[in-house]
Amino acid sequence: MPRTYLTTPIYYVNDRPHIGHAYTSLATDVLARWKRLDGHEVFFLTGTDEHGQKVEKAAQDAGMDPQSFTDQVSQHFRDLAVRMGFSNDDFIRTTEERHKRACTALWEVLAARGEIYLGHYEGWYAVRDEAFYGPDELVERDGVKYAPSGAPVEWVREPSYFFRLSAWQDRLLEFYQRNPDFIAPASRRNEVLSFVRSGLQDLSVSRTSFRWGVKVPGDDAHVMYVWLDALTNYITAVGYPDTEAERWKFWPADVHFVGKDILRFHAIYWPAFLMAAGIAPPRRVFAHGWWTNEGQKISKSLGNVIDPLALVEEYGLDAVRYFLLREVPFGNDGDFQRKALIARLNGELADGLGNLAQRTLTLIQKNCEGRLPPEAPRTESDAALFGSLDGLIGTVGASLDAQMFHAALESIFASVREANGYITQQQPWALKKTDLVRMAAVLRHLHSALRVYATILQPFMPDTMARLLDQLGVPEGARDLAALANPLPEGTALPPPAPLFRKIEETA
């Protein structure tokens, strides 16, 4: 059985989850569900990043100790995963003992291989980003210097252990050349290549200015740099340092899904750490874009942060899941507009797929005694419908393997539009009076199309497609991709249909 390992970033627990967190996890969830449908053994990991100066400060501001603070905020991310229907197999927290053991083991391997040394660091440091920046990356406004992210920076000097990142510059460039699909989309790959070619400096990988982190083995005055700690989670969860662990078979990860703001850490530091430790790097890092809200940048100060759970409450879980991956090519920035969400829900879901299912299944109830008509040969009149269906699974699979979620959905709904044209053209309600055999054939063909749509849309809209598969009479054990090769028997009893999607009236 083929294996697939997919990860979200581990989310930083200095605040509550927002739409960006939901978006990354949703993409990971859809690909994980698709791979399971396709017969893969899947390991899907998410979790929370709980160490570092930012968390220590956020806990102080909240009047709490860091562990109690992270316990509380981490739970919000667990709750989000449940409410959004994510199918993760594990939820990792960097404050867990298994993770501290993995970090310690990785550090010891890197130190033993001569990849880490003790020195002093001076540089411009952004607390918000947990990152140092070069002078040429900064802009100054009103006497304050800012990083490219907009975070203010301060000059920091402290003793630090360093990772010999500079020694990995050429080896990283060679790695990228050998693995052209490692960074996606292509525009992000170009950013990383440009950054690495401009020259890599050794990386500070410890701190002495705060205490909330994993202690450096043999030197309690230092805690590990939060990104070395955080990135290690991906191997912690599969058993590291025990490479005989059951889950180690999943490494290397197939896709790390991340936001574009943390691409550098995942595409430069992470493969360098791993290769320096003699561990295979992941196969791909996909960095998606950011959402704006009705044309405005999302920020707490503007009060326009989008709460994904509030959207689910208002529009329904599957409608929100569908819209987020349908509206914008994954990898691009996108603007969240309620008007667009309502248009997609009413047009493609309610009027498109929902109406097709309701018409077809109601006609089978009325004209075939609620039982599935027999299979029928295809005629020339059926060519356009089956032309849109044949190869659809392969097309959708190829799009999802490239993380082109919008393209996968466009392929499916192009076929749904073809099926709606087919039922209008064939008029099975009129055929009842003139040709019962042809009527039954048309309804069987439409049922077959609906079964394909319901099966391949399960990763995007699991609850609604489960209800549609129920209405189509598909047994629970016959809902994966392989089962589509086995037609349902003639005469299968179908329950009375019920609407799948509710239409939303747009308010001013």
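Coordinates for the structure precede this section.
Residues numbered from 1 in each chain as written. Predicted model: local features only at pLDDT ≥ 70, side-chain atom pairs only at ≥ 80, totals over all residues. Heavy atoms only, no water.

Novice: Give a detailed account of the overall build of the protein chain, specifying residues and quantitative values.
Specialist: Summing up its helical and strand segments, the protein chain has 18 helices and 18 strands in all. Its C-alpha radius of gyration of 26 Å places the protein chain within 12% of the 23 Å reference for a compact globule of 508 residues. Along the longest, intermediate and shortest principal axes, the C-alpha atoms of the protein chain span 90 × 55 × 40 Å. Relative to its 508 residues, the protein chain shows a buried fraction of 57%. For the protein chain, the proportion of contacts with a sequence separation of at least 24, taken over those separated by at least 6, is 77%. On the protein chain, roughly 21400 Å² of surface is accessible, and the fraction owed to carbon and sulfur atoms is 49%. Charge centroids of the protein chain, computed over 54 positive and 65 negative side chains, lie 3 Å from each other. (Helix = DSSP H or I, 4+ residues; strand = E, 2+ residues; numbered from the N terminus. Rg over C-alpha atoms; globule rule 2.2 N^0.38 Å. Buried < 20%, exposed > 50% of the residue type's maximum accessible area, 1.4 Å probe, protein only. Contact = heavy atoms within 4.5 Å. Areas by Shrake-Rupley, 256 points an atom, 1.4 Å probe, with all protein chains shown as cover. Lys, Arg positive; Asp, Glu negative; His and termini not counted. Charge placed at Lys NZ, Arg CZ, Asp CG, Glu CD.)

Novice: Quick rundown of the packing of aromatic side chains? Include the residues and the values.
Specialist: Aromatic rings in a pair are described by how distant their centres are and how their planes are angled relative to each other. Following the criterion strictly, the structure yields 29 aromatic pairs and no others. Here Tyr125 and Phe132 contribute two aromatic rings whose centre-to-centre distance is 4.6 Å and whose plane-to-plane angle is 45 degrees, an arrangement assigned as tilted. Of the two residues, Tyr125 and Phe132, both sit in the buried class. Grouping aromatic residues by their ring pairs yields a cluster made of Tyr5, Phe43, Tyr234, Tyr240, Trp248, Phe250, Trp251 and Trp270. Between the NZ or CZ atom of Arg171 and the centre of the ring of Trp168, over which it lies, the distance is 3.6 Å. The ring centre of Trp290 lies 4.7 Å from the NZ or CZ of Lys260, which sits over that ring. (Phe/Tyr/Trp six-rings, centres within 6.5 Å; stacked < 30°, edge-to-face > 60°. Lys NZ or Arg CZ within 6 Å of the ring centre and 35° of its normal.)

Novice: So what's going on with the sheet that holds strand β9 (residues 183-184)? Which residues, and what values?
Specialist: For sheets, the rule is that strands pair by backbone hydrogen bonds, running either parallel or antiparallel. One open sheet accounts for six strands, arranged β3-β2-β1-β14-β15-β9; its pairing is parallel. In this open sheet, the two edge strands, each paired with only one partner strand, are β3 (90-93) and β9. Its contacts with the sheet place helix α3 (residues 66-83) against β1 (3-12), β2 (41-49) and β3, and it is angled at close to 155 degrees to β3. (Pairing = 2+ DSSP bridges. Axes fitted to C-alpha atoms, helices over the stretch in contact; angles between N-to-C directions.)

Novice: Would you mind going over the nonpolar core in detail, with residue names and values included?
Specialist: Ranked by size, the top nonpolar core spans 94 residues in total, and within it Leu325, Tyr453, Leu457 and Phe460 carry the most contacts. Sort the elements by how many residues they give to this core and helix α12 (residues 338-367) lands first, with 12 residues. In contact with Phe460, not counting residues within four places along its chain, are Val30, Asp318, Arg321, Leu325, Leu400, Phe405, Ala408 and Leu409. Formed by 81 residues, the second largest nonpolar core is a distinct cluster that contains Val13, Trp212, Val226 and Trp227. (Core = buried A, V, L, I, M, F, W, Y, C linked by side-chain atoms within 4.5 Å.)

Novice: Could you give an account of the sheet that holds strand β12 (residues 215-216), with specific residues and numbers?
Specialist: Ordered in space as β11-β13-β12, the three strands form an open sheet in which the pairing is antiparallel. Strands with a single pairing partner mark the edges of an open sheet, and in this sheet they are β11 (206-207) and β12. Both β11 and strand β13 (residues 219-224) contribute to a ladder of two bridges, which runs antiparallel. When the sheet's bridge partners are listed, Ser206 is paired in β13 with Met224.

Novice: Which residues make up helix α4 (residues 97-112), and what values do they have?
Specialist: Helix length check: α4, at 16 residues, gives a terminal C-alpha distance of 22 Å against a target of 22 Å (1.5 Å per residue), a fit within 8%. When we look at burial in α4, the residues that qualify are His99, Ala102, Cys103, Ala105, Leu106, Trp107 and Leu110. Of the residues flanking the end of α4, it is Gly114, one or two places downstream, whose phi is positive at about 75 degrees. (Expected span 1.5 Å × (residues − 1).)

Novice: I'd like a rundown of the pairing of strand β4 (residues 116-126), residues and numbers included.
Specialist: Where β4 lies against strand β8 (residues 154-163), 10 bridges are found, and the strand directions are antiparallel. By the bridge assignment for β8, His120 is matched with Pro159. The sheet contact formed by β4 and strand β5 (residues 131-133) spans three bridges and is antiparallel. The residue bridging Trp124 from the neighbouring strand is Tyr133, located in β5. Between the antiparallel neighbours β4 and β5 lie four residues, among them Glu130 with a positive phi of about 55 degrees.

Novice: Got a sec to walk through helix α6 (residues 186-197)? Specific residues and values, please.
Specialist: Under the 1.5 Å per step criterion, the end-to-end length of α6 is 16 Å for 12 residues, consistent within 8% with the ideal 16 Å. Of all the residues in α6, the buried ones are Arg188, Arg189, Val192, Leu193 and Val196. Viewed end-on, α6 has its buried residues packed into an arc of 140 degrees, placing them on one side of the element. Taken together, the buried residues of α6 touch α5 (169-178), β9, α9 (263-276) and β15 (285-288). Just beyond α6, the residue with positive phi is Gly199, at close to 115 degrees. (Arc of directions from axis to C-beta.)

Novice: Can you explain the pattern of salt bridges? Please cite residues and give values.
Specialist: Applying the stated rule across the entire model yields 32 salt bridges. In this structure, the salt-bridge partner of Asp390 is Arg378, at a minimum N-O distance of 2.9 Å. Pair noted here: Asp390 is in the loop between α13 (383-389) and α14 (392-401) and Arg378 is in the loop between α12 and α13, with a separation of 12 residues, a long-range link. Through salt bridges with shared partners, one network takes in Arg326, Glu327, Arg344, Glu348, Glu410 and Arg417. (Salt bridge = Lys/Arg side-chain N within 4 Å of Asp/Glu carboxyl O.)

Novice: Go over the environment of Ala186 with me, naming the residues and quoting the values.
Specialist: With respect to the helices and strands, the residue Ala186 is situated in helix α6. With 45 residues separating them in the primary sequence, Ala186 and Arg141 have C-alpha atoms 33 Å apart.

Novice: Please provide a residue-by-residue account of the packing of helix α2 (residues 53-61) against α3, values included.
Specialist: Look at α2 against α3: their axes get within 9 Å of each other, and the N-to-C directions meet at 95 degrees. The orientation of α2 relative to α3 falls into the category roughly perpendicular. Across from Val55, Ala58 and Ala59 in α2, the residues of α3 making contact are Pro66, Phe69 and Thr70. Of the residues contributing to the contact of α2 with α3, the split by class is five nonpolar, one polar and no charged. (Parallel < 35°, antiparallel > 145°, perpendicular 65-115°, else oblique. Nonpolar A, V, L, I, M, F, W, Y, C, P; charged D, E, K, R; others polar.)

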